[in-house]
Amino acid sequence: GAVVSQHPSWVICKSGTSVKIECRSLDFQATTMFWYRQFPKQSLMLMATSNEGSKATYEQGVEKDKFLINHASLTLSTLTVTSAHPEDSSFYICSARDLAGTNTGELFFGEGSRLTVL
Amino acid sequence: GQQVMQIPQYQHVQEGEDFTTYCNSSTTLSNIQWYKQRPGGHPVFLIQLVKSGEVKKQKRLTFQFGEAKKNSSLHITATQTTDVGTYFCAGPGAGGTSYGKLTFGQGTILTVHP
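Procedures and definitions
- Residues numbered from 1 in each chain as written.
- Chains lettered and ligands numbered in written order.
- Predicted model: local features only at pLDDT ≥ 70, side-chain atom pairs only at ≥ 80, totals over all residues.
- Heavy atoms only, no water.
- Contact = heavy atoms within 4.5 Å.
- Buried area = accessible area lost by both parts, 1.4 Å probe.
- Salt bridge = Lys/Arg side-chain N within 4 Å of Asp/Glu carboxyl O.
- Nonpolar A, V, L, I, M, F, W, Y, C, P; charged D, E, K, R; others polar.
- Pairing = 2+ DSSP bridges.
- Helix = DSSP H or I, 4+ residues; strand = E, 2+ residues; numbered from the N terminus.
- Axes fitted to C-alpha atoms, helices over the stretch in contact; angles between N-to-C directions.
- Buried < 20%, exposed > 50% of the residue type's maximum accessible area, 1.4 Å probe, protein only.

**Focus: the interface of chain B and chain A**
- Tallying the contact residues gives 21 residues for chain B and 21 residues for chain A.
- When the two sides are added together, the surface that chain B and chain A hide from each other amounts to roughly 1,700 Å², 54% of it contributed by carbon and sulfur.
- Taken together, the connections running from chain B to chain A amount to 1 salt bridge.
- Taking the shortest distance from any N to any O, the salt bridge between A:E59 and B:K101 comes out at 2.9 Å.
- A per-class count over the side of chain B that touches chain A returns 9 nonpolar, 11 polar and 1 charged.

The following block contains the structure:
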């Protein structure tokens, strides 16, 4: 199946700093990628839809100035958590669909990035 | 907006026992997908159901889609320790399947005691 790679897997940062997370589709092109946030033992909450070459679409309640998304190419989307605070600590996961593949519309997820803000 | 409710939240079983998780939607779904997330891992696609009343099997896993396409279930026969993880159902979000957006259920955390 298609592969989505996410980096870094773990990141610890000081409060007030910014952190960038990369999401790459390794063997397919993704015009759309999705960023999710997951708290321990909870479900995946969609934060935003990343659109190649255009602005991201944010879900209600997600601050677009806080969570900057850039989708500059068909294989790379980045999520930057700006001025991070301890409440931003979470597991961030990206996903994408391989529209050219033979799959049935499944989402392929990256390995996730665990952010800890001190 | 669309909500996908999943129960139970937790399920603890002895190895060899069966396990079932249920998913209900507030609206009719064009399709439903199931994912498994191992502890510390990321969600991995299991299956997609599209047709009303559809039943699909993957070895010990049986997936069902309700006649009204508003509910679904995942049943595992004779659980093994390798079945441990969180099972999520997911339905299409706004814009439908072609848009790619999914709404996930709360997930069922399965633990299997050897």
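There's more to say after this.
**Examining the sheet that holds strand β6 (residues 55-58) of chain B**
All names here are of chain B.
- Strand order in this open sheet of 5 strands is β1-β3-β8-β7-β6, and the pairing throughout is antiparallel. In this open sheet, the two strands that pair with only one neighbour each are β1 (4-7) and β6. Adjacent strand axes in the sheet meet at a mean angle of 15° when their direction is disregarded.
- By the bridge criterion, 5 bridges tie strand β7 (residues 61-65) to strand β8 (residues 71-76) in an arrangement that is antiparallel. Along β8, the bridge assignment pairs L61 with I76.

**Some details on the pairing of strand β11 (residues 113-117) of chain A**
Residues and elements named next belong to chain A.
- Residues S113, L115 and V117 of β11 are buried on one face, while the alternating residues R114 and T116, pointing to the opposite face, are not.
- Where strand β9 (residues 90-96) lies against β11, 3 bridges are found, and the strand directions are antiparallel. Residue pairing in the sheet places F91 in a bridge with R114 of β11.

**Section: the sheet that holds strand β1 (residues 4-7) of chain A**
Residues and elements named next belong to chain A.
- Within the open sheet, the 4 strands sit side by side as β1-β3-β8-β7. Their pairing is antiparallel. Among the strands making up the open sheet, the edge pair consists of β1 and β7 (67-73). Each neighbouring strand pair of the sheet contributes to a mean axis angle of 15°, computed without reference to strand direction.
- Here 5 bridges tie β7 to strand β8 (residues 76-81), and the two strands are oriented antiparallel to one another. If you follow I69 over to β8, its bridge partner there is L79.

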